[in-house]
Amino acid sequence: MDSPTPKFHLPHWLQAIVASAGGLGLFLIAFLDSSVLTFPVINDLLLIDLSVRYPARMPYYAAMATLGSVAGCVFLYYLARKGGEAMFHKHAGPRARHIHAWINRNGFLSILVTALLPPPTPFKVFVIAAGALEMPLRTFVLGLLAARAIRFFGEGFLAIRYGDQAGPFILTHKLEVAGIVLGIVLVLYLGSRLAFRRPVES
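Not measured: the values here are computed from a predicted model.

1. Comments concerning unusual backbone geometry
Stage number 1. Positive phi outside glycine occurs at Glu134, with the angle close to 60°.
Stage number 2. As for its placement among the helices and strands, Glu134 is situated in the loop between helix 7 (123-132) and helix 8 (137-162).

See below:
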């Protein structure tokens, strides 16, 4: 089993799980962070720490963080779907109308972009909105999978390449890193939309 030394501000019971479970601990923290609790950036730092210690296992750690995050978001999605728009308006507050309009126009892109942005982006509000407004589950999950995989596998790659410096670098330049990744993703997304756009019939 993996035995990383926790360095982050986690409850003691979670520290014990991460210390003994490695990838499964990452899954649990990612699930909780994406659903009922909030541990901003901690999951990213743990992933980097594990990947530095055990580079060969990086794909496993990144996959577990991705799956845990997606599972947590799906759980919150169904809670919001059951709670309806009242739950959404309670969490969104004055931003509710703008978020509602944005998701109605750009469902997949709204999840993809907000899932890539670093804290303090109010990502959970978009997850709740997706459930309350009944965004198709397939669209929701595909957007999440793409964003979280890009984020966590990218962090794992940086951890292997730059070692212990990867964590501080990402924390210091998180907006620049997120901006570059978003730019690449948006270019690819728009390119795919243009490439597969149906020709207009005359």
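2. Points about helix 4 (residues 58-92)
Helical periodicity: at 3.6 residues per turn, an α-helix aligns residues three or four positions apart in one direction.
Stage number 1. Its 35 residues give helix 4 an end-to-end C-alpha distance of only 36 Å, which falls more than 12% under 51 Å, the value for a rise of 1.5 Å per residue.
Stage number 2. Looking at the residues trailing helix 4, positive phi occurs at Gly93, about 60°.

3. Points about the packing of helix 6 (residues 107-116) against helix 8
To characterise two packed helices, one gives the angle between the axes of the helices and the distance between these axes.
Stage number 1. At their nearest, the axes of helix 6 and helix 8 sit 8 Å apart, and the two run at 30° to each other. Viewed along their axes, helix 6 and helix 8 adopt a mutual orientation that is roughly parallel. In this structure, helix 6 meets helix 8 at a crossing whose hand is right-handed. Residues Gly107, Phe108, Ile111, Leu112, Ala115 and Leu116 of helix 6 lie in contact with helix 8, whose contacting residues are Thr139, Phe140, Leu142, Gly143, Leu144, Ala146, Ala147, Arg148, Ile150 and Arg151.
Stage number 2. Per-class residue counts for the contact of helix 6 with helix 8 are eleven nonpolar, three polar and two charged.

4. A short note on helix 8
Stage number 1. Under the 1.5 Å per step criterion, the end-to-end length of helix 8 is 37 Å for 26 residues, consistent within 8% with the ideal 38 Å.
Stage number 2. The set of residues buried in helix 8 consists of Phe140, Gly143, Leu144, Ala147, Arg148, Arg151, Phe152, Glu155, Gly156, Leu158 and Ala159.
Stage number 3. Downstream of helix 8 by a residue or two, Gly163 has a phi angle that is positive, lying close to 65°.

5. A word on a nonpolar patch on the surface
Stage number 1. Taken together, the side chains of Val36, Leu37, Phe75 and Leu79 make up a nonpolar region of the molecular surface, amounting to roughly 320 Å² of accessible area.
Stage number 2. Here Leu79 is to be found in helix 4.

6. Considering the packing of helix 4 against helix 8
Stage number 1. In contact at an axis separation of 8 Å, helix 4 and helix 8 are set at 150° when each is read in the N-to-C sense. Looking at the two axes, helix 4 sits roughly antiparallel to helix 8. In this structure, the crossing between helix 4 and helix 8 has a hand that is right-handed. Of the residues in helix 8, those in contact with Met58, Pro59, Ala62, Ala63, Ala65, Thr66, Ser69, Val70, Cys73, Val74, Tyr77 and Tyr78 of helix 4 are Leu137, Phe140, Val141, Leu144, Leu145, Arg148, Ala149, Phe152, Phe153, Gly156, Phe157 and Ile160.
Stage number 2. Residues that form the contact of helix 4 with helix 8 fall into these classes: 20 nonpolar, three polar and one charged.

7. Thoughts on the confidence of the model for the protein chain
Caution applies to low-pLDDT regions: their predicted coordinates should not be interpreted in detail.
Stage number 1. When pLDDT is averaged across the protein chain, the result is 79; 74% of the residues are at 70 or more.
Stage number 2. Note that pLDDT drops below 50 for residues 1-7; the model gives that stretch 22 contacts with residues more than four away or on any other chain.

Reading guide: rules and limits
- Residues numbered from 1 in each chain as written.
- Predicted model: local features only at pLDDT ≥ 70, side-chain atom pairs only at ≥ 80, totals over all residues.
- Heavy atoms only, no water.
- Helix = DSSP H or I, 4+ residues; strand = E, 2+ residues; numbered from the N terminus.
- Expected span 1.5 Å × (residues − 1).
- Axes fitted to C-alpha atoms, helices over the stretch in contact; angles between N-to-C directions.
- Parallel < 35°, antiparallel > 145°, perpendicular 65-115°, else oblique.
- Left-handed = near helix turned anticlockwise from the far one by under 90°.
- Contact = heavy atoms within 4.5 Å.
- Nonpolar A, V, L, I, M, F, W, Y, C, P; charged D, E, K, R; others polar.
- Buried < 20%, exposed > 50% of the residue type's maximum accessible area, 1.4 Å probe, protein only.
- Patch = residues over 30% accessible without salt bridge, like charges linked within 9 Å, V, L, I, M, F, W, Y side chains within 5 Å.
- Areas by Shrake-Rupley, 256 points an atom, 1.4 Å probe, with all protein chains shown as cover.
- Salt bridge = Lys/Arg side-chain N within 4 Å of Asp/Glu carboxyl O.
- pLDDT = per-residue confidence, 0-100.

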